[in-house]
Amino acid sequence: MKKLVITACVLLGLVLNAHAQYDPEAKTILDNMSARYKQLESFQATVTYSISNDIENLNEFYEGEVAVSGDKYRLNMGGQEVINDGTTLWTYLEEVNEVNITDYDPDGEEITPSQIYSLYQDGYNYAYISDREVEGSVYQIVELVPEDKESQFFKIRLEIGKEDATLRSWQMFDQNGNVYEYLITDFEQNPELAANYFTFVEADYDGVDVVDFR
């Protein structure tokens, strides 16, 4: 049964890929969203992250904070901090008081908080699906399907405000039946952030074990 469900998910992705192409209505929605965020120097928000899998009976939820400035971002969630200054990536694990340092690869498979707003511009077909009303606000649902059939995620669904082009949430569907969802709340434009906010400052983490993979 598990194999059949996964196969169905893959087929769905192929069907969407065949029909989505470059939907002009979806492109207008996505362009408006991208332009809105590009005009901001930075933003900060509360983000709820969940992962679910009906096959594995999996449901997990985490809440944290994210800040983004251009290619830089800082995500604090579930006992883990991920800090990226555009060149270096620090991943701090609170439970073991350890930070792993790697070079940041913008072309890697992982989709980061700073990429989601322009992801559609390269390597994806997209289509407008429908409108959805949430607490009196209307959101437009757009789906992205990667041109690369070997991509980890066969579909990404964005929920974008019709009036203000804000991104409320995004879902990523992978080939194993996992659905990853990020829901954004308490959005703040151009917050005052310290000059070193997107850098891991070792002195702020007493006794931290530094593991440098560069």
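Scroll up to find the structure this text is about.
For clarity, every value in this text was computed on a predicted model and none was experimentally measured.

A. Focus on the pairing of strand β8 (residues 137-146). Of all 10 residues that make up β8, 8 are buried, and the element is covered over most of its length. As defined by bridge partners, strand β7 (residues 124-134) adjoins β8 across 10 bridges and the pair is classed as antiparallel. Paired with N125 across the strands is V145, a residue of β8. Where β7 folds back on β8, the antiparallel hairpin that results is connected by 2 residues, among which E135 adopts a positive phi of roughly 50°. Pairing of β8 with strand β9 (residues 153-161) involves 6 bridges; the strand directions are antiparallel. If you follow V142 over to β9, its bridge partner there is L158. Where β8 folds back on β9, the antiparallel hairpin that results is connected by 6 residues.

B. View of the pattern of salt bridges. A full pass over the atoms with the stated rule returns 8 salt bridges. Residue R132 is joined to E159 by a salt bridge in which the shortest nitrogen-to-oxygen separation is 2.5 Å. Here the residue R132 occupies a position in strand β7, and E159 occupies one in strand β9, the gap between them amounting to 27 residues. In this structure E159 comes out as buried when scored by relative accessible area, which is 5%. The shortest N-O distance in the salt bridge between E143 and R157 comes to 2.8 Å. Of the two residues, E143 is situated in strand β8 and R157 in strand β9; the sequence distance between them amounts to 14 residues. The exposure class assigned to R157 is partly exposed, which follows from its relative accessible area of 25%. Counted as one network, the salt bridges with shared partners bring together R132, E159 and R168.

C. Structural view of the sheet that holds strand β5 (residues 88-93). Taken in spatial order, the 12 strands line up as β7-β8-β9-β10-β11-β1-β2-β3-β4-β5-β6-β12 in an open sheet, and their pairing is mixed. This sheet does not close on itself; its edge strands, each paired only once, are β7 and β12 (209-212). Direction aside, neighbouring strands of the sheet carry axes that sit 20° apart on average. Bridging between β9 and strand β10 (residues 167-174) involves 7 bridges; their strand directions are antiparallel.

D. Up close: helix α2 (residues 24-38). Counted at 1.5 Å a residue, the expected span for α2 with its 15 residues is 21 Å, and the 21 Å between its end C-alpha atoms agrees. When we look at burial in α2, the residues that qualify are A26, I29, L30, M33, S34, R36 and Y37. For α2, the angular spread of the buried residues around the axis is 160°, confining them to a single face. In α2, the exposed positions angled more than 90 degrees off the buried face are occupied by P24 and K38. Tucked inside the fold, the buried residues of α2 contact β1 (43-53), β7, β8, β9, β10 and β11 (179-189). Where α2 begins, the side chain of D23 points an oxygen toward the backbone nitrogen of E25, at a separation of 3.0 Å.

Thresholds, definitions, all that
Residues numbered from 1 in each chain as written. Predicted model: local features only at pLDDT ≥ 70, side-chain atom pairs only at ≥ 80, totals over all residues. Heavy atoms only, no water. Buried < 20%, exposed > 50% of the residue type's maximum accessible area, 1.4 Å probe, protein only. Helix = DSSP H or I, 4+ residues; strand = E, 2+ residues; numbered from the N terminus. Pairing = 2+ DSSP bridges. Salt bridge = Lys/Arg side-chain N within 4 Å of Asp/Glu carboxyl O. Axes fitted to C-alpha atoms, helices over the stretch in contact; angles between N-to-C directions. Expected span 1.5 Å × (residues − 1). Arc of directions from axis to C-beta. Contact = heavy atoms within 4.5 Å. Polar contact = N/O pair within 3.5 Å; in protein donor to acceptor, adjacent residues only side chain to side chain.

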